[in-house]
Amino acid sequence: MKKRISILSFLLFVGCGISFAQPAYLNKKRSKKPTEADRFMQTQWWLGFKAGVNMTEASPDQRFSGLSPTNYDPGILDKEYDGFEAISGQAGIEITFYHKGFSFSFQPNYRRQQFGYSNSYEWTNTEDADNTLSLNYDQAHKLDYIELPLLVKYDILKQNKFRPFVQVGVFYATLMNAQKEVEISGIDQASGSAGPFENQQLIIGADDLFIKSSTGVMGGLGFYYDFWSVRLVFDATYRMGLNNITNTQNRFSENQLSGIGDAMDDVNLNNISFNLGCLFPMRFISSKIHNPVR
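**Student:** Even after reading the chapter, I still don't get the overall build of the protein chain, so can you show me in this structure?
**Tutor:** Looking only at helices and strands, the protein chain has four helices and twelve strands in total. Burial statistics for the protein chain: of 294 residues in total, 42% are counted as buried. Considering only contacts within the protein chain whose residues lie at least 6 apart along the sequence, 77% involve residues at least 24 apart. For the protein chain, the computed accessible surface area is about 16100 Å², with 59% contributed by carbon and sulfur atoms.

The structure is reproduced here in structure tokens:
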């Protein structure tokens, strides 16, 4: 938890540092008397679409296993989780209200998140130490969410075509679909034909292993670039999940791999996403403002 909070704190610290460290010539530029067009653009609605990629890390709070050890350390059964490795994607729309440097943004999107872990087990014949069976399970989880984020942004530079910003917010997501992919490999020295083996990948429906809701906080950095009446936007955002997404009631009863000792841990999802979008103004500047009568 400290690691996740420190990442958000770092992003906000960088954004605030950039804001307070602006050179003097920018302040002079801002001190100029705003034009009629500038005053018009102090309040604006923007509507557009965004898409990008994301990477997810599962953070276990409490660990579980379908096996109960009697003569070895239970920690041997702990899963080994992947980091921010698998790349997924998201796409959605952005509805933003801007007023004097602050933006209030609603960004519904359809998002796929992936995380994985591996299990390893070994069985040994107590009467013959060379008679062993080793199995490795590499398990990948793909979760599809409809996400509803609410964000507050602050423009660090307000009078430029290039406008960096910082943002913070919250999100709520609803699970639409989940599946688990399992690759099994190992070394068989117990069946009489010793040697390594690999099985085909298994794909298992996993909707019952996860609850339907996911909540969390988010923060990040980005920038706008204005040209004509269009605004391009790029942002990098860190999401920190606040709730356990595992369905604890189905941890053992519904898991199709519980027979080999697999059981879902209590996990939160942390996510890093990168988005590129295009926004259009809902209030257009008239020709009178473009060429004001003097």
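**Student:** What am I meant to see in the side chain of Gln139 here?
**Tutor:** Topologically, Gln139 is positioned in strand E6 (residues 128-155). For Gln139, the side chain forms a polar contact with the side chain of Lys180, separated by 2.8 Å. Not counting chain neighbours up to four residues away, the residues in contact with Gln139 comprise Phe115, Gly116, Tyr117, Asn119, Lys180, Glu181, Val182, Leu257 and Asp262.

**Student:** Any chance you could explain the confidence of the model for the protein chain here in plain terms?
**Tutor:** In low-pLDDT segments, the atomic positions of the prediction should not be examined closely. Summarising the model, the protein chain shows a mean pLDDT of 82, and 74% of its residues fall at 70 or more. The low-confidence segment residues 18-22, where pLDDT is below 50, has seven contacts with residues more than four positions distant or belonging to other chains. Across residues 24-29 the pLDDT falls below 50, and counting only partners more than four positions away or on other chains, this stretch makes four contacts in the model.

**Student:** How should I be thinking about the pairing of strand E10 (residues 213-227) in this particular structure?
**Tutor:** For a regular strand, the rule is simple: side chains alternate between the two faces of the sheet. In this structure, strand E7 (residues 162-188) lies alongside E10, joined through 13 bridges in antiparallel fashion. When the sheet's bridge partners are listed, Val170 is paired in E10 with Val217. In this sheet, strand E11 (residues 230-241) lies alongside E10 in antiparallel orientation, the contact comprising twelve bridges. Across the sheet, the residue bridging to Gly222 is Asp235, located in E11. Taking the residues between adjacent antiparallel strands as the criterion, E10 and E11 are bridged by two residues, where Trp228 takes a positive phi near 55 degrees.

Cut-offs used in this document
One numbering rule holds for all chains: residues counted from 1, following each sequence as written. Side-chain atom pairs in this predicted model are given and counted only at pLDDT of 80 or more, local residue features only at pLDDT of at least 70, and totals for whole chains, interfaces and linings cover all residues. Side-chain measures here rest on the full set of heavy atoms in the structure, leaving out hydrogens and waters. Strands here are runs of E lasting at least two residues and helices are runs of H or I lasting at least four, both read from the DSSP assignment and numbered beginning at the N terminus. Note on classification: 1.4 Å probe, protein chains only; a residue is buried when its accessible area is under 20% of the maximum for its type, exposed when over 50%, partly exposed between these limits. Pairs of residues are marked as contacts when any of their non-hydrogen atoms sit within 4.5 Å. What sets the accessible areas is the Shrake-Rupley method with a 1.4 Å probe; for residues, cover comes only from the shown protein chains. Two N or O atoms form a polar contact when they lie within 3.5 Å of each other; inside protein one atom must be a possible hydrogen donor and the other a possible acceptor, and for residues adjacent in sequence the pair counts only when both atoms belong to side chains. Here pLDDT means the predictor's own confidence in every residue, given as a number from 0 to 100. When DSSP finds at least two bridges between two strands, those strands are taken to pair.

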